[in-house]
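# Examining the three-dimensional arrangement
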Amino acid sequence: MNEARLEQTVLFMTGSTGFIGKETVKQLVEKTDIHMLLLVRSERRARSVLESYGVRGFERITFIEGDLSLTGLGLVRADRERIRKANVILHAGGTMDITLGRETAEKTFMHGAREIAQLAQEMKFGGSLRHFIHVVGFMSPYGQGNEQEKQEQVEMNHAGNQESAYEEMKFKADAYIRAHAKQYDYPLSVVNPSTVVGPRPTGETEQTGGIGLLIGAVQKGFMPVVPGGSSYWLPLVENDVVAETLVFLIRDEAPFGGTYPLLARKEESPDMKELLHLITKQLDVPRPAGSLPLSWIQRLMSLGGSRVSGIPSQSLAFITDRTFSVEETEGLMQRMGRNWPDIREQLPFIIADLDYRLLSKAGAEHKHVLNDYIRVRLGNLASLGWEGEGEPWVIVHGLLQSADDLLPLGSQLRKLTGNPVWIVDLAGFGRSPVHQAEDAFTGQVNALVEALSEVQGPIKLVGHSVGAAIAAAALKRSGRTDIRLALLQPVANNVNEGNNGRLKQVLHLPRRVVRTLLRSKSRSSWARMFSASGEEVVDKISFTRLAERVQAYLRSPRIAGAHVDLLRWIHLGHKQTISFWDELGSFQQAGYNADPLVVWAEKDREYHFPASLHAGYTKVGLPYGHYFPVFQVEHTAEILLGWAGESDVNNNRVKV
């Protein structure tokens with residue numbers, strides 16, 4: 001490529017704040033010197049969205065306010081003249097909403113296609129246009145010959161059908177732009193992403209309208225059969241792969257155009273049976289019993305099943321038995337120097353992310369005002385936190401929590417120290433996939449050991465409640481001597497039996513029954529439990545908010561099942577817990593970093609202090625209840641900083 005010419009490239013782009021667009025802009029900023037003209041409805045909102053996604057540096061970005069549904073895109077004269085001098089058009093705009101009404105879909109897709117094509121025509125006549133790149137869904141029938149016949153078929157299939165206006169208008173926009181490019185003789189590359197999921201390594205899939213609808217159906221128990229059976233499949237592609245493809249095409253100095261379905265070969269991808277088995281395994285629900293023809297399921301949903309389940313019948317539109325011609329795509333991948341990635345390794349993270357994301361829509365989102373943290377993956381555990389300088393903190397949550405609940409504590413530590421802080425989701429909690437070990441505690445410990453192995457150098461490891469037991473066991477199993485350990489309200493076999501006799505009886509019931517009981521517990525009962533746990537100094541609003549989140553978390557059979565397994569480990573006296581704290585008494589003798597910390601809230605009514613903890617630990621007593629790291633953030637951070645040598649702590653510090 002002629003790098004000098006590429007440095008002068010100006011890109012006009014629509015859809016820059018979408019799921020694909022944000023990743024594309026991020027890669028363009030990080031990998032190229034191309035200047036971008038981004039069509040957005042609001043510069044302020046677009047800048048905020050891109051910053052939140054991790055775009056750093058806007059020197060080569062110019063925001064142009066306009067709208068695909070408006071005449072002339074709503075552009076002022078100066079902006080239109082600026083766009084006319086661009087070299088490449090990337091048209092990726094349009095809402096990802098399969099339930100769009102016909103009028104809205106036509107305004108967004110067909111009207112937008114006509115307006116963008118008119119700009120392409122003006123740029124072609126002005127001599128600046130080098131390449132038009134159009135992003136349209138993989139189910140579009142165009143690009144493989146017999147265009148007129150296919151256009152007639154699209155119109156016949158969708159005539160009078162209000163439910164598929166989204167799909168119809170995207171297809172018609174594809175046909176229109178293809179015809180326009182042929183008429184005015186400019187290179188057109190049509191990129192057909194399959195159902196788009198989150199990038200590696202985290203699998204963050206904010207676009208919940210694709211595979212998320214399928215996961216939501218399984219989560220709610222509305223997918224007892226495999227739609228279509230093993231001859232059907234749901235093609236998937238990560239959004240970073242789509243963005244990488246678009247960046248390559250944008251930088252192509254001598255494009256010749258083509259149609260590029262972004263999907264693997266059908267025979268190399270999971271079919272619907274395999275995909276549903278993967279989803280049910282991660283969501284901890286029974287496998288589907290057999291299969292039904294897709295047309296039957298669509299008919300049932302159109303007759304009222306959608307209203308009962310809350311899942312639109314259009315959600316099945318991306319499940320297909322088609323095979324796709326991918327020779328052009330494979331040739332493009334070869335030019336890019338990469339192979340098509342296998343989606344199977346990434347699916348557990350995608351499923352867990354969407355499972356949790358769908359719960360968040362139901363009320364699991366945290367109410368604190370924190371938006372500067374980032375998402376990473378440590379081993380097989382999802383993690384939230386902040387990069388920084390110096391020795392990192394790794395924090396492990398307890399029961400009835402996820403990493404989100406300890407973000408305020410992590411933020412305080414990050415603000416006061418500047419150190420990196422990572423808060424992990426335990427396996428099966430939050431956004432982390434379930435572990436595959438038979439023993440619940442062993443599986444959690446192994447997952448944390450793997451996560452810690454990715455954090456190099458000394459670490460300050462902090463665990464709360466059962467997370468403290470998991471952290472302590474992981475430290476011992478890792479054999480590392482460069483990790484300092486802080487235990488906040490450590491829980492293993494130190495249960496106050498008088499307060500937990502009924503729970504112990506319930507935990508003897510079959511696992512599925514216990515999980516159902518846990519999921520059915522009301523918000524008010526959770527609030528009462530928190531208020532009775534020794535947290536008298538906490539206001540009722542905080543109890544209510546945590547209760548809302550817990551009730552939402554436990555709607556997931558995956559998360560509820562992970563809770564049941566650890567509750568049984570704690571309360572039913574499994575042999576692993578009988579002398580748990582005794583087994584950890586050899587820390588100092590084994591050469592571990594000195595001065596491990598135990599912080600104990602004296603008003604905890606569910607657990608007693610584990611007296612079998614051996615000498616050598618430093619104990620700090622607090623006048624709070626069990627969930628003090630969630631409710632007493634500043635005081636908890638102060639104690640941790642004092643233990644870490646970052647500041648002084650109060651005088652209630654004693655040796656045990």
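Residues numbered from 1 in each chain as written. Predicted model: local features only at pLDDT ≥ 70, side-chain atom pairs only at ≥ 80, totals over all residues. Heavy atoms only, no water.

Turning our eyes to something else, we now look at the overall build of the chain. Each helix and strand in the chain was counted, giving 25 helices and 20 strands. For the chain, buried positions account for 59% of its 656 residues. The long-range fraction of contacts in the chain, counting pairs at least 24 apart against all pairs at least 6 apart in sequence, stands at 80%. Counting only carbon and sulfur atoms, one obtains 48% of the accessible surface of the chain, whose full area is about 26800 Å². (Helix = DSSP H or I, 4+ residues; strand = E, 2+ residues; numbered from the N terminus. Buried < 20%, exposed > 50% of the residue type's maximum accessible area, 1.4 Å probe, protein only. Contact = heavy atoms within 4.5 Å. Areas by Shrake-Rupley, 256 points an atom, 1.4 Å probe, with all protein chains shown as cover.)

Mapped onto the fold, H277 is located in helix 10 (residues 272–283). Remark: the alpha-carbon pair of H277 and V226, spanning 51 residues in sequence, is separated by 9.2 Å. When residues no more than four places from it in sequence are discounted, the contact partners of H277 are R287 and P288.

Our next topic: the packing of aromatic side chains. Inspection of every chain in the model, using the stated rule, returns 13 aromatic pairs. Measuring from centroid to centroid gives 3.8 Å for F441 and W569, while their planes differ by 0 degrees, and the two rings are stacked. Of this pair, F441 sits in helix 15 (residues 440–452) while W569 is found in helix 21 (residues 557–571), placing the two residues 128 residues apart along the sequence. Accessibility classification places F441 together with W569 in one group, the buried group. Taken together, F138, W233, F318 and F324 form an aromatic cluster joined through their ring pairs. The residue whose ring lies beneath K460 is W393, and the NZ or CZ to ring-centre distance is 4.7 Å. (Phe/Tyr/Trp six-rings, centres within 6.5 Å; stacked < 30°, edge-to-face > 60°. Lys NZ or Arg CZ within 6 Å of the ring centre and 35° of its normal.)

Another point: the nonpolar core. Formed by 95 residues in total, the largest nonpolar core has its most connected members in W393, L413, L448, L461, F530 and L640. Contact partners of W393, with chain neighbours within four places excluded, come to L413, T417, N419, P420, V421, W422, K460, V462, L640, L641, W643 and A644. (Core = buried A, V, L, I, M, F, W, Y, C linked by side-chain atoms within 4.5 Å.)

In this section: the pairing of strand 3 (residues 61–65). In terms of strand pairing, strand 2 (residues 35–40) meets strand 3 through 5 bridges, oriented parallel. Within the sheet, the bridge partner assigned to V40 lies in strand 3 and is E65. (Pairing = 2+ DSSP bridges.)

Burial of strand 4 (residues 88–91) is two-sided: the residues V88 and L90 facing one way and the residues I89 and H91 facing the other way are all buried. As judged from the 4 bridges shared by strand 4 and strand 5 (residues 131–135), these two strands associate in the parallel manner. Bridge assignment links L90 to a residue of strand 5, and that residue is I133.

What follows is about the sheet that holds strand 6 (residues 188–193). Spatially, the 7 strands line up as an open sheet ordered 3-2-1-4-5-6-10, and their pairing is parallel. Each edge of the sheet is formed by a strand with only one pairing partner; in this case those strands are strand 3 and strand 10 (258–262). The sheet shows a mean angle of 15 degrees between the axes of neighbouring strands, direction not considered. Here strand 1 (residues 10–14) pairs with strand 2 via 5 bridges, running parallel. If you follow M13 over to strand 2, its bridge partner there is L38. Across the sheet, helix 7 (residues 165–184) lies against strand 4, strand 5, strand 6 and strand 10, angled at about 160 degrees from strand 6, the strand it touches most. (Axes fitted to C-alpha atoms, helices over the stretch in contact; angles between N-to-C directions.)

Here D405 lies in the loop between strand 14 (393–396) and helix 14 (407–417). Within the structure, D405 has its side chain in polar contact with the backbone nitrogen of S402 (distance 2.9 Å). There is a polar contact of 2.7 Å between the side chain of D405 and the side chain of R549. (Polar contact = N/O pair within 3.5 Å; in protein donor to acceptor, adjacent residues only side chain to side chain.)

What follows concerns a nonpolar patch on the surface. Nonpolar side chains collect at one region of the surface, where L509, V513 and L517 lie side by side and expose about 220 Å² of accessible area between them. Here L517 falls in the partly exposed class, since its relative accessible area comes to 42%. (Patch = residues over 30% accessible without salt bridge, like charges linked within 9 Å, V, L, I, M, F, W, Y side chains within 5 Å. Salt bridge = Lys/Arg side-chain N within 4 Å of Asp/Glu carboxyl O.)

At a minimum axis distance of 9 Å, the contact between helix 14 and helix 25 (residues 633–643) shows a crossing angle of 50 degrees. The orientation of helix 14 relative to helix 25 falls into the category oblique. At the point where helix 14 passes helix 25, the crossing takes the right-handed sense. Contact residues: helix 14 offers P408, L409, Q412, L413, L416 and T417, while helix 25 offers V633, E634, T636, A637, L640 and L641. By residue class, the composition of the contact of helix 14 with helix 25 is 8 nonpolar, 3 polar and 1 charged. (Parallel < 35°, antiparallel > 145°, perpendicular 65-115°, else oblique. Left-handed = near helix turned anticlockwise from the far one by under 90°. Nonpolar A, V, L, I, M, F, W, Y, C, P; charged D, E, K, R; others polar.)

On to the pattern of salt bridges. Once the charged atoms of two side chains with opposite charge are near each other, the side chains can pair. Counting across every chain of the model gives 31 salt bridges. Note that E327 is salt-bridged to R265, the shortest N-O span being 3.9 Å. Within this pair, whereas E327 is found in helix 12 (residues 327–336), its partner R265 is found in the loop between strand 10 and helix 10, the two being separated by 62 residues in sequence. Given a relative accessible area of 47%, E327 falls into the partly exposed group. Where D404 meets R431, a salt bridge forms, and the shortest distance between an N and an O atom there is 2.7 Å. Within this pair, whereas D404 is found in the loop between strand 14 and helix 14, its partner R431 is found in the loop between strand 15 (421–424) and helix 15, the two being separated by 27 residues in sequence. The class for R431 is buried, based on a relative accessible area of 12%. Because the salt bridges share partners, they merge into one network encompassing R80, E81, R84 and E122.

Our next topic: the environment of R414. The residue R414 is located in helix 14 in this model. The spatial distance from the C-alpha of R414 to the C-alpha of W386 is 7.2 Å, given a sequence separation of 28 residues. The residues contacting R414, other than those within four sequence positions of it, are W386, E387, G388, N419 and V421.

Each α-helix winds once per 3.6 residues, and so residues spaced three or four apart point in a common direction. Between the first and last C-alpha of helix 15 there are 19 Å, a value that for 13 residues agrees with the 18 Å anticipated at 1.5 Å per step. Looking only at helix 15, the buried set comprises A440, F441, G443, Q444, V445, A447, L448, A451 and L452. A side-chain oxygen of the first residue of helix 15 lies 3.4 Å from the backbone nitrogen of F441; this N-cap is D439. (Expected span 1.5 Å × (residues − 1).)

Mapped onto the fold, Q444 is located in helix 15. Among the residues examined, Q444 registers a relative accessible area of 3% and is labelled buried. Of note is the side chain of Q444, whose polar atom sits 2.8 Å from the backbone oxygen of A427. Once residues lying within four places of it in the same chain are set aside, the contact partners of Q444 are L426, A427, F429, H435, I470 and L566.

What follows covers the confidence of the model for the chain. In the predicted model, the chain carries a mean pLDDT of 86, and the fraction of residues at 70 or more is 84%. Counting contacts from residues 648–656, a segment whose pLDDT is below 50, to residues more than four positions away or on other chains yields 27 contacts. (pLDDT = per-residue confidence, 0-100.)

Packing of helix 9 (residues 239–251) against helix 12 brings their axes to within 11 Å, and their N-to-C directions diverge by 75 degrees. Accordingly, the angle class assigned to the pair helix 9 and helix 12 is roughly perpendicular. Where helix 9 abuts helix 12, its residues E244, T245, F248 and L249 lie against L332, M333, R335 and M336. Within the contact of helix 9 with helix 12, the residues separate by chemical class into 5 nonpolar, 1 polar and 2 charged.

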